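The lines below spell out each chain.
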Amino acid sequence: MKTPTELKYTKSHEWVRVETDGTVTVGITDHAQELMGDMVYVDLPETGRKVEAGKECAVVESVKAASDVYAPVNGEVTAANGELSGSPETVNKDCYGAGWMFRIKPANKADVDALLDAKAYEALVAAESH
Amino acid sequence: MGNRTPLYDTHVKLGAKIVDFGGWDMPLHYGSQIDEHHKVRTDAGMFDVSHMNVVDLKGPDLRGYLRMLVANSVEKLKTKGRALYSCMLNHKGGVIDDLIVYYLDEAWFRLVMNAATRDKDMAWVRATAKDYGNIVVEQRDDLAMIAVQGPNAKDKTYAALGGNIREAAESLKPFHSVMIGELHVATTGYTGEDGFEIILPAKAAPFTWQMLLDAGVAPCGLGARDTLRLEAGMNLYGSDMDETTTPLESGLAWTVAFEPASRGFVGREVLDKQKANGIKRRLVGLVLEGKGVLRNHQKVHCGALGDGEITSGSFSPTLNRSIAFARVPAGVENGATVQVDIRGQLQPARVVQYPFVRQGKSCIS
């Protein structure tokens, strides 16, 4: 399982990267994509949508099952990765890169700081698999 | 820990993701279920299906027994090695299990039944066989089973297992089989592709698997097996039919032999009535036109005709879209558009004649 140290994480298995313009990019973690298996469908939020931390704002479906993707923080969606609708398998192949899902302008920067760091996320995954 | 086949350690060594399937620890995939699916459609893949229940029946009046036991007619089994797909029904016409009957000789028939239904199947077979005199019911837990499927499956099997297999099996038509020493090689399968199902001694399974692997046959898990059979329009017991549904309500009317009318197979009375009065529900194919993925148990809205339910829904790697079987009111016609409730939103789906895919080619316009 890859857990890049420069990213922040949520308990619901999203990763969050702070961009230079203050927005955050969101995707699902390596652990999450591996659990789900081959992705076949991704439904992303529209730009401009107001999202609330912990509420579902996207859906990923693998051959096996559907799963919600939750907004990591309160804010507004500024972009969505349209490439994924034609090639959802990108989420399996490059979950931290080309497999990103959407970008949010956070309402409050402190909310981002409060997310899990890589070490805490790895501990959470380890605890969940026992 | 669940039951394990003779190939369990082999799967683990190959990096399989193991899941519970009807009490068995089975490989779901060895990396990518979709890659495995495509391998079978375009080349050759193999499945460990040793969890299936192989039962040998031996005795003097097996045809008499089987005429009663299964809804299809064993009179179709005229030449040795011939295979027949059938349902085994209860007295209400519900499906106890679906199975393949192999005719090996007049005193020896072989049944291959599902794994998850093993206990109830055996109880039913043993109880009903009692009335037919000296039938010996032998559960062959000493055997394993490997399905090799795909356009190149046969050639790769010959390359792996030697020329005597080619000699004995090359001329077999679909749904036939031959005994080659300790191997029972059948031209059956659950993918809609050419290939073999090979029943063999458990102790021979690991090296046979290895020889097939060396010949370029890709190991495939139950995940790919499920999407392949769905595309091929083949029912899954427990999802598409069970004891509460008859074959006629499950797209399996073609497996019921109503002629001759004098043959009193178990469940016949209910099926005769349904045939005369018409069925209320039928199994159809769906192709999703809207967003998302069709899944088991999603509700299907069919307008004034009422509601139905998806019995097997998934993503079709060959068609690159979502497909399903659904049980719907019998009045719903092919070509109609229905609305499927996917996670609270209604999405349009088209009712189609299945199979969806045969021999690697789409059957859907």
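Residues numbered from 1 in each chain as written. Chains lettered and ligands numbered in written order. Predicted model: local features only at pLDDT ≥ 70, side-chain atom pairs only at ≥ 80, totals over all residues.

J.: What is the right way to look at the overall build of chain B in this model?
T.: A tally of helices and strands in chain B yields 9 helices and 21 strands. Viewed in the frame of its principal axes, chain B has a C-alpha envelope of about 60 × 50 × 40 Å. Buried positions account for 46% of the 365 residues belonging to chain B. (Helix = DSSP H or I, 4+ residues; strand = E, 2+ residues; numbered from the N terminus. Buried ≥ 20, exposed ≤ 12 C-beta atoms within 10 Å, placed from the backbone.)

J.: Looking at this structure, how should I read the interface of chain B and chain A?
T.: By convention, interface size is frequently given as the accessible area that disappears when the constituent parts associate. The interface of chain B with chain A comprises 13 residues on the first partner and 8 residues on the second. For the side of chain B that touches chain A, the secondary structure elements donating two or more residues are α2 (33–42), α8 (222–231) and β16 (307–316) of chain B. (Contact = placed C-beta atoms within 7 Å.)

J.: Help me understand the sheet that holds strand β8 (residues 75–80) of chain A in this model?
T.: Residue and element names in this part refer to chain A. Pairing in this open sheet of 6 strands is antiparallel, and the strands run β1-β2-β3-β9-β8-β5 from one edge to the other. With partners counted over all chains shown, the strands left at the sheet margins are β1 (8–9) and β5 (50–51), one partner each. In the sheet, β5 pairs with β8 via 2 bridges, with the strands oriented antiparallel. If you follow V51 over to β8, its bridge partner there is G75. (Pairing = 2+ DSSP bridges.)

J.: Explain the pairing of strand β6 (residues 95–105) of chain B to me, please; I cannot follow it from the model alone.
T.: Within a regular strand, side chains alternate between the sheet's two faces. Residues and elements named next belong to chain B. Most of β6 sits out of view: 9 of its 11 residues are buried. In this sheet, β6 lies alongside strand β5 (residues 83–89) in antiparallel orientation, the contact comprising 7 bridges. Its bridge partner being in β6, C87 is matched across the sheet by D98. Linking β5 back to β6 in an antiparallel pair, the connection comprises 5 residues, with G93 at a positive phi of about 85°. As judged from the 5 bridges shared by β6 and strand β7 (residues 108–113), these two strands associate in the antiparallel manner.

J.: Help me understand unusual backbone geometry in this model?
T.: Phi is mostly negative for residues that are not glycine, and the peptide bonds are mostly trans. All names here are of chain B. Residue P260 follows E259 across a cis peptide bond; omega there is -5°. Note that P260 resides in the loop between α8 and α9 (268–277). Cis geometry is adopted by the peptide bond preceding P355, which originates at Y354 and carries an omega value of 10°. Its place among the elements puts P355 in the loop between β19 (345–352) and β20 (357–358). For F175, which is not glycine, the phi torsion reads 65° and is therefore positive. As for its placement among the helices and strands, F175 is situated in the loop between α6 (163–169) and β10 (177–180). Given 17 C-beta atoms within 10 Å, F175 falls into the partly exposed group. Positive phi, close to 50°, is recorded for Q359, a residue that is not glycine.

J.: When you look at α8 of chain B in this model, what are you seeing that I'm missing?
T.: Since the α-helix advances by 3.6 residues per turn, residues separated by three or four positions end up pointing in the same direction. All names here are of chain B. In terms of burial, α8 is largely enclosed, as 8 of its 10 residues are buried. Contacts made by the buried residues of α8 are with β2 (24–29), α2, β3 (45–48), β16, β17 (321–329) and β20. After α8 finishes, the residue G233 shows a positive phi value of roughly 75°.

J.: Mind showing me how you'd approach the domain arrangement of chain B here?
T.: Residue and element names in this part refer to chain B. When its domains are assigned, chain B resolves into domain 1 (8–47 + 143–173 + 183–231) and domain 2 (280–362). Here the C-alpha centre of domain 2 lies 29 Å away from the C-alpha centre of domain 1. Contact with domain 1, which involves 12 residues of that partner, is made by 12 residues of domain 2. Taken together, the elements giving at least two residues each to the side of domain 1 that touches domain 2 come down to α2 and α8. Its residues placed into classes, the side of domain 1 that touches domain 2 shows 3 nonpolar, 5 polar and 4 charged. (Domains from an automatic or database assignment. Nonpolar A, V, L, I, M, F, W, Y, C, P; charged D, E, K, R; others polar.)

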